[in-house]
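What follows is each chain in one-letter form.
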Amino acid sequence: MIEIRNVTKSYGPLTVLHDVSLTIPEGEIMAIVGPSGAGKTTLLQIAGTLDRPDSGGVWFDGTDLFQLKDKPLSAFRNLNIGFVFQFHQLLPEFSALENVAMPALIAGRDRKEAFREAEKLLGEFGLGHRLSHRPSELSGGEKQRTAIARALVNNPRMVLADEPTGSLDSRNRLEIQEIISGLRADRRQTFVVVTHDRDMASIADLTVEMADGRIVGSSRKTEEIADAANIVLDV
């Protein structure tokens, strides 16, 4: 589904990604792990087209995304990619229901349909009684569940999550892990999760390890440690 090909990215004199290639399999959870500064978040942002590489590219079902102009790229991203951030990034002036419906409204969906889908998702995540509450009135776990609902409202092909359990206590971490694992099992939803949380990584079908801006290894649940060449494209 997603192919990241020979991506290099620098910020000034610092190169944070060195010729990285990676295939993201559809319908699976991929965890990207490694120490701080390994390039994990930068790779995730480029995969989600939030940042552009200096060289290389991202292909989605054969389309070179960075050849799209800004407006069609934004539209593509809104419909096909959902995002979950460590600190939820909910809009403080809007209710949980409005936050979740926002991507659907931006996509031009009918207002009633957008709010109906948002309410359905919040209900599925145990937040049916919190629809009118603003983020400041929600617990940390409730905020992150709301953020996951927002990521799913347009039924995206892929959800990218950057440290989704990083700011949560152990009970809420487990809850978010169970939600993501359940979405993969029930909906075949594709997730790419950047995480330092080994428990979070343990639910992944495929774990990719990064260090110093490079992919240095990978493993599957059903396999021993695989050579990185098994996931890196030979182009």
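Not measured: the values here are computed from a predicted model.

The next point concerns helix H5 (residues 140-152). Along its 13 residues, H5 runs 19 Å from first to last C-alpha, staying within 8% of the 18 Å computed at 1.5 Å per residue. By the criterion of burial, H5 is predominantly enclosed, with 12 of the 13 residues buried. Where H5 is concerned, the buried positions are Gly-141, Glu-142, Lys-143, Gln-144, Arg-145, Thr-146, Ala-147, Ile-148, Ala-149, Arg-150, Ala-151 and Leu-152. Of the surrounding elements, those touching the buried residues of H5 are strand S6 (81-84), helix H3 (96-106), helix H4 (111-124), strand S7 (158-162) and helix H6 (170-187).

By the burial criterion, the buried members of helix H2 (residues 70-80) are Leu-73, Phe-76, Arg-77, Asn-78 and Asn-80. Looking at the buried positions of H2, the neighbouring elements they touch are strand S4 (55-60), S6, H3 and S7.

Whenever strands of a sheet pair, they do so through backbone hydrogen bonds, lying parallel or antiparallel. Pairing in this open sheet of 4 strands is antiparallel, and the strands run S2-S1-S4-S5 from one edge to the other. Because the sheet does not close on itself, it has two edges, and the strands there are strand S2 (14-24) and strand S5 (63-64). By the bridge criterion, 7 bridges tie strand S1 (residues 2-11) to S2 in an arrangement that is antiparallel. Along S2, the bridge assignment pairs Ser-10 with Thr-15.

Right, let's talk about the packing of H3 against H4 for a bit. Two elements in contact, H3 and H4, have axes separated by 8 Å at closest approach and are oriented at 130°. When the axis of H3 is compared with that of H4, the two are oblique. The two elements H3 and H4 meet at a crossing, and its hand is right-handed. Along its contact with H3, which presents Ala-96, Leu-97, Glu-98, Val-100, Ala-101, Ala-104 and Leu-105, the element H4 presents Arg-111, Ala-114, Phe-115, Ala-118, Glu-119 and Leu-122. Residue composition of the contact of H3 with H4, by class: 10 nonpolar, no polar and 3 charged.

This part takes up the packing of aromatic side chains. Applying the stated rule across the entire model yields 2 aromatic pairs. Between Phe-83 and Phe-85 the ring centres are 6.1 Å apart and the planes differ by 5°, which places this aromatic pair in the stacked class. Residue classification places Phe-85 among the partly exposed positions, given a relative accessible area of 29%. When the ring centre of Trp-59 is taken as origin, the NZ or CZ atom of Arg-5, which lies over that ring, is 4.4 Å away.

All right, on to the pairing of S7 then. Buried residues dominate S7, accounting for 5 of its 5 residues. Burial along S7 is two-sided: the residues Met-158, Leu-160 and Asp-162 and Val-159 and Ala-161 are all buried. Relative to S7, S6 runs parallel, the two being bridged by 4 bridges. Bridging across to S7, Gly-82 finds its partner in Val-159. Taken together, the 5 bridges between S7 and strand S8 (residues 190-194) define a ladder with parallel strand orientation. When the sheet's bridge partners are listed, Met-158 is paired in S8 with Thr-190. Between S7 and its parallel partner S8, the chain crosses via H6, and the hand of that crossover is right-handed.

A separate point is the pairing of strand S3 (residues 29-33). Among the 5 residues in S3, 5 count as buried, and that is most of the element. Both S3 and strand S9 (residues 206-211) contribute to a ladder of 4 bridges, which runs parallel. Within the sheet, the bridge partner assigned to Ile-32 lies in S9 and is Val-208.

Next up on the list: the confidence of the model for the chain. Overall, the predicted model of the chain reaches an average pLDDT of 90, with 94% of residues at or above 70. Between residues 223-235, whose pLDDT stays under 50, and residues either more than four places distant or in other chains, the model counts 25 contacts.

On to the pattern of salt bridges, then. As enumerated under the stated definition, the model contains 14 salt bridges in all. Here Asp-51 ties to Lys-9 by a salt bridge, and the two come within 3.5 Å at their closest N and O atoms. Separated by 42 residues along the polypeptide, Asp-51 in the loop between helix H1 (40-47) and S4 and Lys-9 in strand S1 bring together distant segments of the chain. Comparing Asp-51 with Lys-9 shows no difference in burial state: the two are buried. A salt bridge links Arg-109 to Glu-113, with the shortest nitrogen-to-oxygen separation between them at 3.3 Å. With a relative accessible area of 23%, Arg-109 lands in the partly exposed category. Three or more residues are tied together by salt bridges with common partners; here these are Lys-9, Asp-51 and Asp-54.

So, how was this worked out
- Along each chain, residues carry numbers from 1 onward, in the same order as the chain's sequence is written.
- With pLDDT at 70 or above as the cut-off, local features in this predicted model cover only qualifying residues; side-chain atom pairs require 80 or more to be listed or tallied, and sums for whole chains, interfaces and linings still use all residues.
- Side-chain figures throughout are based on the complete set of non-hydrogen atoms in the structure, without hydrogens or water.
- Every helix listed is a DSSP run of H or I at least four residues long, and every strand listed is a run of E at least two residues long, numbered separately from the N terminus.
- Any helix carries an expected span of 1.5 Å times its number of residues minus one.
- When accessible area is computed with a 1.4 Å probe and restricted to protein chains, residues below 20% of their type maximum are described as buried, those above 50% as exposed, and intermediate ones as partly exposed.
- Whether two residues are in contact is decided by their heavy atoms: any pair within 4.5 Å suffices.
- When DSSP finds at least two bridges between two strands, those strands are taken to pair.
- Angular values range over 0 to 180 degrees, each being the angle between N-to-C directions of two axes fitted as lines to C-alpha atoms, with helices fitted over their stretch in contact.
- The labels follow the angle: roughly parallel below 35 degrees, roughly antiparallel above 145, roughly perpendicular from 65 to 115, and oblique for the rest.
- By convention, the crossing between two helices is left-handed when the near helix turns anticlockwise from the far helix through less than a right angle, and right-handed when the turn is clockwise.
- Side-chain classes follow a simple rule in which Ala, Val, Leu, Ile, Met, Phe, Trp, Tyr, Cys and Pro form the nonpolar group, Asp, Glu, Lys and Arg form the charged group, and the remainder, Gly included, forms the polar group.
- The rule is short: rings of Phe, Tyr and Trp, with Trp giving its six-membered ring, pair when the centres are within 6.5 Å, and they are stacked under 30 degrees, edge-to-face over 60, tilted in between.
- Whether a charge sits over a ring comes down to the Lys NZ or Arg CZ being within 6 Å of the ring centre and within 35 degrees of the ring normal.
- A crossover counts as right-handed when, viewed with the strands pointing away from the observer, the path leading from the first strand over the helix to the second turns clockwise.
- Per-residue confidence from the predictor is given as pLDDT, running between 0 and 100.
- Any Lys or Arg side-chain nitrogen found within 4 Å of a carboxyl oxygen on Asp or Glu counts as a salt bridge.

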